[in-house]
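# Close look at the chain arrangement
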Amino acid sequence: MPRFSTENIRNVAIVGHTGCGKTTLIESLLYHSGALSIPGNIECGTTLSDYSPQEKALQHSIDVTLCSFDHSEHHVNLLDTPGYPELMGRTLSILPAADSIAVVINAHTGIEQVTQLMIEKSREADRPCLIIVNKTDGPATNASALLEDIQARFGSECLPLNLPAADGQSVIDCFFEHTDATTAFSDVQEAHDTLVDQVVEIDEELMQLYLEQGEELTAEQLHIPFEQALRDGHLIPVCFVSAQSGAGIPQLLEILTRLMPSPLETNPPQFLKGEGPDAPEVRVKPDPNAHVIAHVFKISVDPYLGRVGLFRIYQGTINTGSQLFIGDSRKPFKVAHLMKLQGKEHSEITSAIPGDLCAVAKIDDLEFNALLHDNHEEDDYHLRMVERPQPMCGLAITPTRRGDEQKLSDALHKLASEDPGIKIEHRIAQNETVMYGAGELHLKIILDRMQSQYNLEIETRPPSIAYRETITAPAEGHHRHKKQTGGAGQFGEVSLRITPLPRDSGFRFVNKVVGGAIPGQFIPAVEKGVRQVLGSGALAGFPLQDIEVTVYDGKHHSVDSKEIAFVAAGKKAFLDAIHQAHPILLEPIVDVNIITPSNNVGDITGDISAKRGLINGTAVLPQQQVEISAQLPLSEMDGYQSRLKALTGGEGQFTMALSHYAPLPNRQQTELIANHQPTQEAG
């Protein structure tokens, strides 16, 4: 059995904007707890969590890494996360595995984009939150002003557990053992009293004891209401540290082990049974003797271990040799190797209990967000996840070397399994593979991995726009296919009528032939010829839509009529009708929702109007944010993320989804048709 119990486990996600010092903070915690003999260094590429060649080159975290240490009979699992805004999908995907979220703020730069996002997401995930102000020993640090900004932005419940010392080289405890030491700002007793006042509001009996008898409350007396205040969001503790010098790190170790919630104390996970909005919640309890329920929160592909699945155990005990089901699979897999991860290193264990974060390897069926269990009663269980940003930035990709197509497909499958923020789309009509990510940096990281890890050279270009063709007027078409080659000939004649349908109605084929003018066995051949044109288009090579085709007459020959003849006749008759029906090109229009700081609204709306867009409305959001709803042509969205980033100083975000198709302006239509003609003639 493990050397610790569930009540002594702490699972903490370390999050924050890039450059705030998360990785250095984790190194310092590992060192001061005794897990490391020497702390790693980012510049030297020796940190435990940033071990990949890409991370060493960038000197920033780009993936989630699990590290752990033991301190004061507690086992602490730390999840180091990326801080780039474009990689937030990776960070958000692991939040359900954490019992608390520590948001790290750079004391020099203050509250940044990811700081704001992660405070919001911790509330959305219903997870207790801790704010860690790092780099407090810098020369130009104004910790007092930063604390005021934190309270103004995130609420008065953000209260300091310690304060920087007057010399800036250490921190003074305001909760466990508060003294009269001189601080850089505020006062230890005042900070302590404010904390206690906030905590006792949760417990009426304790409040009465505190107010009426004027008794000093101990940390032990405050523990239960303190945990309740964390769970309710009634308290967000703030602590000050310098990961580089070690100032405040011993105090932070005490805060993590003594004040952050255990799996028994945090808000319960939101498990659902079944799918859909009406799926009922089910209770999962951290009972080591109950059925096993575990959730896979990360997949990685190791060159030696193969597919590695990181999971959190919510219920039951997993042992080496346990038989587990994945989702609703009927066939279990055997846990041959149960592991604890420490950065890129792994060590085998024999047993794992509720609350712990572990891993299994070489299970090819494991996927992100999979549920592991040992009883079919839990087949329909799944965990409610934090909403992640949809991948909006796309690139069409092809291998540079011929013959690498299968190699590319295999690499994409592995990369997509590791990163839930990637979406791969195979467009048959355009004959292209499109990879979507959260932004240009995200895509660059994936492309670099393809080259370094899979030896793939990739050519990229913007994805093709899925234009469509349609007609605007009814028309009739006729064609007689007659071919004599000396032997049996080919004959088929078709007359048809085409009518425009309402937008986005698709295609409809109607047979109104009477009297056997076209024998019934040849009608499918006529439709086949018509559908050949539907797929290849008649103007610029794009699929046709919103057309009704009615075949009403024709002729046949008792000897020479055959299927191939009516396929050709149907195709040519359809083309004849289209050219008389005033065909046009349609372009996809997308619904776009943009969230931006309020002072950038004018720039955003002006840019939308310049790109043939239509503003549908605006809505005022908290924290001086505004949501803009608009519709734009998809062709104008190329590079939009970079434009939005430039207009909002990197703080804007957007989502888009296909709305409808609309007529393409004449100038663009003429260009597309002209570009298609040489290709058509060459063919």
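Right above here is the structure, for reference.
Residues numbered from 1 in each chain as written. Predicted model: local features only at pLDDT ≥ 70, side-chain atom pairs only at ≥ 80, totals over all residues. Heavy atoms only, no water.

## Focus on the packing of aromatic side chains
Under the defined criterion, the tally for this structure stands at seven aromatic pairs. Ring geometry for Phe175 and Phe226: centres 5.3 Å apart, planes at 55 degrees, overall tilted. With Phe175 in the loop between strand S8 (171-173) and helix H6 (188-200) and Phe226 in helix H8 (residues 219-232), this pair connects stretches of sequence that are 51 residues apart. Assessed through its relative accessible area of 3%, Phe175 is described here as buried. Ring geometry for Tyr467 against Phe542: centres 5.4 Å apart, planes inclined by 65 degrees, an arrangement best described as edge-to-face. Here Tyr467, found in the loop between strand S26 (458-461) and strand S27 (468-471), pairs with Phe542, found in the loop between helix H12 (523-536) and strand S31 (547-555); they are 75 residues apart in sequence, far enough to count as distant. (Phe/Tyr/Trp six-rings, centres within 6.5 Å; stacked < 30°, edge-to-face > 60°. Helix = DSSP H or I, 4+ residues; strand = E, 2+ residues; numbered from the N terminus. Buried < 20%, exposed > 50% of the residue type's maximum accessible area, 1.4 Å probe, protein only.)

## Concerning unusual backbone geometry
Even without glycine at this site, Lys362 takes up a positive phi of about 60 degrees. In this fold, Lys362 is placed in the loop between strand S20 (357-361) and strand S21 (371-373). With relative accessibility at 57%, the residue Lys362 sits in the exposed group. Positive phi values are uncommon outside glycine, yet Asn455 reaches one of about 55 degrees.

## Looking at the packing of H12 against helix H13 (residues 563-580)
One can describe the packing of H12 onto H13 by two numbers: an axis separation of 7 Å at closest approach and a directional angle of 45 degrees. Relative to H13, H12 is oriented oblique. Considering only the axes of H12 and H13, their crossing is right-handed. Touching Ala525, Val526, Lys528, Gly529, Val530, Gln532, Val533 and Leu534 of H12 are Glu563, Phe566, Val567, Gly570, Lys571, Phe574, Leu575 and Ile578, all from H13. Of the residues contributing to the contact of H12 with H13, the split by class is 10 nonpolar, three polar and three charged. (Axes fitted to C-alpha atoms, helices over the stretch in contact; angles between N-to-C directions. Parallel < 35°, antiparallel > 145°, perpendicular 65-115°, else oblique. Left-handed = near helix turned anticlockwise from the far one by under 90°. Contact = heavy atoms within 4.5 Å. Nonpolar A, V, L, I, M, F, W, Y, C, P; charged D, E, K, R; others polar.)

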